[in-house]
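What follows is each chain in one-letter form.
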Amino acid sequence: MALLDAEAAKLSSSVIPGETVFRLYDTYGFPLDLTADVARERGLTIDQAGFDSAMEAQRKGARGEQVRFGSAGFGEAVRQDGFFGL
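Scope of this entry: the structure provided in the associated data block. (Residues numbered from 1 in each chain as written. Predicted model: local features only at pLDDT ≥ 70, side-chain atom pairs only at ≥ 80, totals over all residues. Heavy atoms only, no water.)

1. Describing the overall build of the protein
Then, in step 1: Scanning the protein for helices and strands turns up four helices and two strands.
Then, in step 2: When the helices and strands of the protein are listed from N to C terminus, the series reads α-β-α-α-β-α.
Then, in step 3: Evaluated residue by residue, the protein yields a buried proportion of 23% over its 86 residues.
Then, in step 4: Taking the intrachain contacts of the protein between residues at least 6 apart in sequence as the baseline, contacts between residues at least 24 apart amount to 49%.
Then, in step 5: When the accessible area of the protein is evaluated, it comes to approximately 6000 Å², of which 54% is carbon and sulfur surface. (Helix = DSSP H or I, 4+ residues; strand = E, 2+ residues; numbered from the N terminus. Buried < 20%, exposed > 50% of the residue type's maximum accessible area, 1.4 Å probe, protein only. Contact = heavy atoms within 4.5 Å. Areas by Shrake-Rupley, 256 points an atom, 1.4 Å probe, with all protein chains shown as cover.)

Spelled out as structure tokens, the structure:
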């Protein structure tokens, strides 16, 4: 809760930006629904569209990393037959 309180203290409006909500979720594991509940208790709202946008950007980035590093994730290309390039 201290993380959310610290972020809420920085606000200049009553909306917690989606990127902030996503950072709490992605970095600290703070669930979206709990963030929304706590925000509501404090008279705030969350930017759901901004959160969704940040989540999609993260997914696209993760997919790009998987393609670049291969599905095994060891920094080696994986051939179509499933063997590592040696």
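2. Quick look at the environment of Phe51
Then, in step 1: Assignment of secondary structure puts Phe51 in helix H4 (residues 48-69).
Then, in step 2: When its relative accessible area of 6% is taken as the criterion, Phe51 is described as buried.
Then, in step 3: Note: C-alpha distance between Phe51 and Leu32 (19 residues apart in sequence) is 8.9 Å.
Then, in step 4: Setting aside chain neighbours within four positions, we find Phe51 in contact with Gly18, Val21, Phe22, Tyr25 and Leu32.

Without other data, these values stay purely geometric and don't point to any function.
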